[in-house]
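A structural walkthrough
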Number of protein chains: 2
Amino acid sequence: MIENYNALIKPGEEELEKRLEKAHRRLFAQQMEIKEKGLPVLVLFEGWGAAGKGTMLGKVIRNLDPRFFTAVSMHAPSEDEKRKPFLCRYFSQIPEAGRFLFMDSGWMSEVVHDVLQDRISTKVYRERISSIRRFERSLTDNGYLVLKFFFQISKKEQKKRLDALLANKDTAWQVDDYDLWENRHYDKCEKVFDVFLEDTSTSTSPWYVVDAQSRKWAQLQIMEPLVAGIDMALKNHALTVPLIQNTFPLLPMPKLVDIDLDKTITLEDYNVELRQLQSRLRELHNQAYRRKIPVIIAYEGWDAAGKGGNIKRLTSALDPRGYEVIPIASPKPHEKSRHFLWRFWTRLPKTGHFAIFDRTWYGRVMVERLEGFCSENDWQCAYNEINEFEKELSDWGAVIIKFWVHIDSDTQLARFTERQNNPEKQWKITDEDWRNREKRDLYENAVNEMIAKTSTTYAPWHILESNDKHYARIRALQIVTGALETAVNERK
Amino acid sequence: MIENYNALIKPGEEELEKRLEKAHRRLFAQQMEIKEKGLPVLVLFEGWGAAGKGTMLGKVIRNLDPRFFTAVSMHAPSEDEKRKPFLCRYFSQIPEAGRFLFMDSGWMSEVVHDVLQDRISTKVYRERISSIRRFERSLTDNGYLVLKFFFQISKKEQKKRLDALLANKDTAWQVDDYDLWENRHYDKCEKVFDVFLEDTSTSTSPWYVVDAQSRKWAQLQIMEPLVAGIDMALKNHALTVPLIQNTFPLLPMPKLVDIDLDKTITLEDYNVELRQLQSRLRELHNQAYRRKIPVIIAYEGWDAAGKGGNIKRLTSALDPRGYEVIPIASPKPHEKSRHFLWRFWTRLPKTGHFAIFDRTWYGRVMVERLEGFCSENDWQCAYNEINEFEKELSDWGAVIIKFWVHIDSDTQLARFTERQNNPEKQWKITDEDWRNREKRDLYENAVNEMIAKTSTTYAPWHILESNDKHYARIRALQIVTGALETAVNERK
């Protein structure tokens, strides 16, 4: 039986009405505090078919200002959504700071349906559970309030409701085959639900199991934890969270200072190798496409290190329908007001496609760290959150290649000076570049830490020696083709 | 197969030596920082029989100052330990601030053995998992570092090691029947281990699965996460933790101001009822003893409210071999330097016994809160930690009764004045009592919050109207006998 984690005792009719009214008044007042403090709130409704999730949603939001909330009803993933990582469509929906999101059926429904219909193995189920726990924790670590309600009704009650809906021509459409299947297989479903609830109930985002037999009482079971949760989150507002322990397999990496930047290639060799590698890349792009392997290539590096030219040598070998170059600038206001990874979750490629990021989510632990655009706790937590993010991509099947395009300080100065003195290249150099250059030591320190802490086996960093740009381009092509060959062979 | 959550890649022999040496040097230096910052560290070693836990322990601590650590080897619970809550013997062991505890086999071994030997049901297993997750989270929330290592070897390797031990007369004693059973049922054990590791791996205290085939390599897999974990914990030191959401069933409770204190009883009725109730209590004490029901009675209340006299009327009905009155004063240094609930975990009664606490763990949210003996975050977190603590007691089978002995301000003043003027009672009144009295409003506010947040269904508060002490004594006896009758009937 599904255990009632609920924190309430059913009161008498009169007290129920009084407390319901009180909770609604409190929620109304909380709207403004939520907006002022920039608290993002995600409320998930899950439960049995015909348990009344939709109706309840209407009641909960009845006094809320429609500018402050969004309500979404999630359905089975579309064909396009199936070509993204499991969590992608949920992460894309997370609210901005100061807003509510009400989600009617979400990641629980998707996973339990997959289990009930034998679409996923125990191993994949476990991966999903880990993903969900990391997802929710990452949200609450970043100041989100996550409230999850499960609407519980008995087999008999569900049958009664389904029959009543079916008996009426105007409501019969609300009942689908799955609802009927669920009722026939109630005991089996209950077991799967129960295990899922247990597996994903954590202290920071526990499940509230709602006895949904009586609608008024169900409403109180939602309203009271909702306002109590918001009050608590308002108290927690702007608290730092303790760093968590790394559990991802890390590769030992050299420091930038130990990189040999004297590597070069002759122009002749360059031209030969470029042609060969690009031709090989073209074939591999095709094969990856057919095998539906998603490929994510992340570029970071010093200003004037040659990122642009390097990327160009990759893309010129690719079919334009199968890749996208995504330039990353500083976050826009609607991006800043969400989890820092949101703008990357929403830019992921479909399976079979390449996404090449020109600058990346690593801005968090470099420019945002050094310019104070986020708190120390924020960037300290980010290493692990980034490893978790890339783990999701890797579990999804993505090939992940991360380049640090490296040059020494003298080479950078020479290139800056050349840009400055060449009217055609002047647009490429700004005051900011010069300012960043002055902080080279600080940046180098941050880059070393970043590379040491985020070179996982599933998403390693590659340092491209780019004093000789030609050499770096060939190396990049070698690394990309090498990684693709491995992936293509593994998934024949 | 047991998944390797481990964050390391096996290096070559030479690099291994180098990194091992580096980690040992770092650990040596960390000792002093741990002491200075008062970080408590709990390291748990679990794993297959003959996987080398004991030997490894010796290697890890080889450079540590023996004054800074304790190593304990936990065995199957003794008969006395079985009469305490499951977590009790682990909670009792937690280290003081600034010290290491190394535990060889602990809560994992106990639970998986119980599962493998069919001693606990799935339901109890799930309760254990919840208990363990709350236990570990409560430690890390309170600034403890908890590091858990699982020593993994293959069936073949285990067999080889057991055979080698048995072949030598000097080592054969190290192998017990359970080790042999484990090897014969390796696959079954592995499944149970795997599920347990998954169930209890959390972001704040993850499992590190150690490939223990080669001893040197195993050592590195322990030393590096150990020093990294300590470095991280030193960084986290003194961070506040976000409050977590309540998930315990709460009873609605009145505010103190709404309590009717005019209730009285005539001396005649008092004497009759006292005799009857005490006689009934005597019988129930006996029945609870025979049914092995542990009973915990917690007294809090205003100074001069009559706690002492009230307790006396209970105890005078009890067989002295079956109860203990535990007076709680301010914590001693060795108590202050541990989790605030430690001194209560170590004072729990055995099953079948009564423990009557004269002042309790609720000091945290009253005197410690109001006198600033702990941080705001500490007492804010304490409500939930107390509910969790009492949940452990309740799951164990304890009857929990909590009394707030209540008088109004005028009555208190009259009793203070009487004490002051009566040479025989002067010892009962101190300057501190008068100082506390001045803060009555602050205390009343704190008491109201405490009662509202910790009146769970399994450990409810009872407010004793004690302007008339006789009335309060009869009420207390009625409540205690009532609760015992229910418990005794339920467990016939």
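Just so it is clear, the structure is predicted and the values come from calculations on it, not from any experiment.

1. Focus on the overall build of chain A
- Scanning chain A from N- to C-terminus turns up 20 helices and ten strands.
- Dimensions along the principal axes, computed over C-alpha positions, put chain A at roughly 85 × 50 × 40 Å.
- Here chain A holds 492 residues, and 57% of them are scored as buried.
- Taking all contacts inside chain A whose residues are at least 6 apart in sequence as the whole, residues at least 24 apart take part in 83%.
- Of the roughly 21600 Å² that chain A leaves accessible, carbon and sulfur atoms contribute 50%.

2. Considering the side chain of A:Arg419
Residues and elements named next belong to chain A.
- Considering the arrangement of structural elements, one finds Arg419 in helix H17 (residues 409-421).
- Of the buried charged residues, Arg419 lacks a salt bridge, with Asp433 as the closest side chain of opposite charge at 5.2 Å.
- Setting aside residues no more than four positions away along its own chain, Arg419 makes contact with Ala304, Lys425, Gln426, Lys428 and Ile429.

3. Quick word on the relation of the copies chain A and chain B
- Taken as rigid bodies, chain A and chain B are interconverted by a rotation of 180° and an axial shift of 0.0 Å, the fit giving an RMSD of 0.0 Å. A rotation of that kind, with that shift, is consistent with a two-fold axis. Ranked by how close their C-alpha atoms come to the rotation axis, the residues of chain A are headed by A:Val241, at 3.0 Å.
- Both copies contact each other with a shared surface, as 100% of the interface residues of chain A are interface residues in chain B too.

4. Notes on the sheet that holds strand E1 (residues 41-47) of chain A
Residue and element names in this part refer to chain A.
- On the basis of which strands lie adjacent, the open sheet formed by five strands has the order E2-E3-E1-E4-E5 and parallel pairing. On the outer flanks of this sheet lie strand E2 (69-73) and strand E5 (207-211), each paired with one strand and no other. Between one strand and the next, the sheet's axes are offset by a mean angle of 20°, whatever the strand orientation.
- The pairing of strand E4 (residues 145-152) with E5 spans five bridges and is classified as parallel.

5. Some details on the interface of chain A and chain B
- Facing the 46 residues of chain A at the interface are 47 residues of chain B.
- Together, the buried faces of chain A and chain B total about 3600 Å²; carbon and sulfur atoms form 51% of this surface.
- Counting every contact that joins chain A to chain B gives four salt bridges.
- Where chain A meets chain B, there are 14 residue pairs in polar contact (both at pLDDT 80 or more).
- When contributions to the side of chain A that touches chain B are tallied by element, the ones reaching two or more residues are helix H1 (13-37), helix H6 (122-141), E4, helix H9 (186-199), helix H10 (215-236) and helix H16 (376-396) of chain A.
- When the residues that make up the side of chain A that touches chain B are grouped by side-chain class, the tally is 21 nonpolar, 15 polar and ten charged.

6. Thoughts on the packing of aromatic side chains
Residues and elements named next belong to chain A.
- The final tally for this structure, using the stated rule, is 54 aromatic pairs over all chains.
- Each ring, one from Trp361 and one from Phe389, has its centre 5.2 Å from the other, and the planes form 85°; the classification is edge-to-face. With a gap of 28 residues between them, Trp361 in the loop between strand E8 (354-358) and helix H15 (367-370) and Phe389 in helix H16 connect regions that are remote in the sequence. Phe389 matches Trp361 in its accessibility class, with the two residues each being buried.
- Geometrically, the ring pair formed by Trp379 and Tyr383 is edge-to-face, given 6.4 Å between the ring centres and 90° between the ring planes. You can see Trp379 and its partner Tyr383 sitting in helix H16, four residues apart, about one turn around the helix.

7. Description of the side chain of B:Asn310
All names here are of chain B.
- Residue placement: Asn310 occurs in helix H12 (residues 307-315).
- The buried category is assigned to Asn310, whose relative accessible area is 2%.
- When neighbours within four sequence positions are excluded, Asn310 is seen to be in contact with Tyr299, Leu464, Ala472, Arg473 and Ala476.

8. Quick look at the pairing of E4(A)
All names here are of chain A.
- Among the eight residues of E4, eight are classified as buried, and the element is accordingly described as predominantly covered.
- The alternating pattern of E4 places Leu145, Leu147, Phe149 and Phe151 and Val146, Lys148, Phe150 and Gln152 on opposite faces, both of which are buried.
- Bridge analysis of E1 against E4 gives seven bridges, and the strand direction is parallel. Note that in E4 the partner of Val41 across the bridge is Leu145.

9. Points about the pattern of salt bridges
- Applying the stated criterion across every chain yields a total of 76 salt bridges over all chains.
- B:Arg369 is the partner of B:Glu449 in a salt bridge, and the nearest nitrogen-oxygen pair spans 3.0 Å. Of this pair, B:Glu449 sits in helix H19 (residues 440-454) while B:Arg369 sits in helix H15 (residues 367-370), and the two are 80 residues apart along the sequence.
- Looking at B:Glu449, the relative accessible area reads 18%, which means it is buried.
- Its relative accessible area of 16% is what places B:Arg369 among the buried residues.
- Each member of the salt-bridge network shares a partner with another, and the members are A:Glu15, A:Arg19 and A:Glu224.

10. A few points about helix H20 (residues 469-490) of chain B
Residues and elements named next belong to chain B.
- Here H20 is 22 residues long and its end C-alpha atoms lie 32 Å apart, about the 32 Å a rise of 1.5 Å per residue gives.
- Buried within H20 are the following residues: Tyr471, Ala472, Arg473, Ile474, Ala476, Leu477, Ile479, Val480, Thr481, Leu484, Ala487 and Val488.
- Looking at the buried positions of H20, the neighbouring elements they touch are helix H11 (267-290), strand E6 (295-301), H12, strand E8 (354-358), strand E9 (399-406) and strand E10 (461-465).
- Here H20 starts with a cap whose side-chain oxygen sits 2.9 Å from the backbone nitrogen of His470, and that cap is Asp468.

Rules and cut-offs
Residues numbered from 1 in each chain as written. Chains lettered and ligands numbered in written order. Predicted model: local features only at pLDDT ≥ 70, side-chain atom pairs only at ≥ 80, totals over all residues. Heavy atoms only, no water. Helix = DSSP H or I, 4+ residues; strand = E, 2+ residues; numbered from the N terminus. Buried < 20%, exposed > 50% of the residue type's maximum accessible area, 1.4 Å probe, protein only. Contact = heavy atoms within 4.5 Å. Areas by Shrake-Rupley, 256 points an atom, 1.4 Å probe, with all protein chains shown as cover. Lys, Arg positive; Asp, Glu negative; His and termini not counted. Salt bridge = Lys/Arg side-chain N within 4 Å of Asp/Glu carboxyl O. Least-squares fit on C-alpha atoms with pLDDT ≥ 70 in both. Pairing = 2+ DSSP bridges. Axes fitted to C-alpha atoms, helices over the stretch in contact; angles between N-to-C directions. Buried area = accessible area lost by both parts, 1.4 Å probe. Polar contact = N/O pair within 3.5 Å; in protein donor to acceptor, adjacent residues only side chain to side chain. Nonpolar A, V, L, I, M, F, W, Y, C, P; charged D, E, K, R; others polar. Phe/Tyr/Trp six-rings, centres within 6.5 Å; stacked < 30°, edge-to-face > 60°. Expected span 1.5 Å × (residues − 1).

By themselves, these are just geometric observations and shouldn't be taken as functional.
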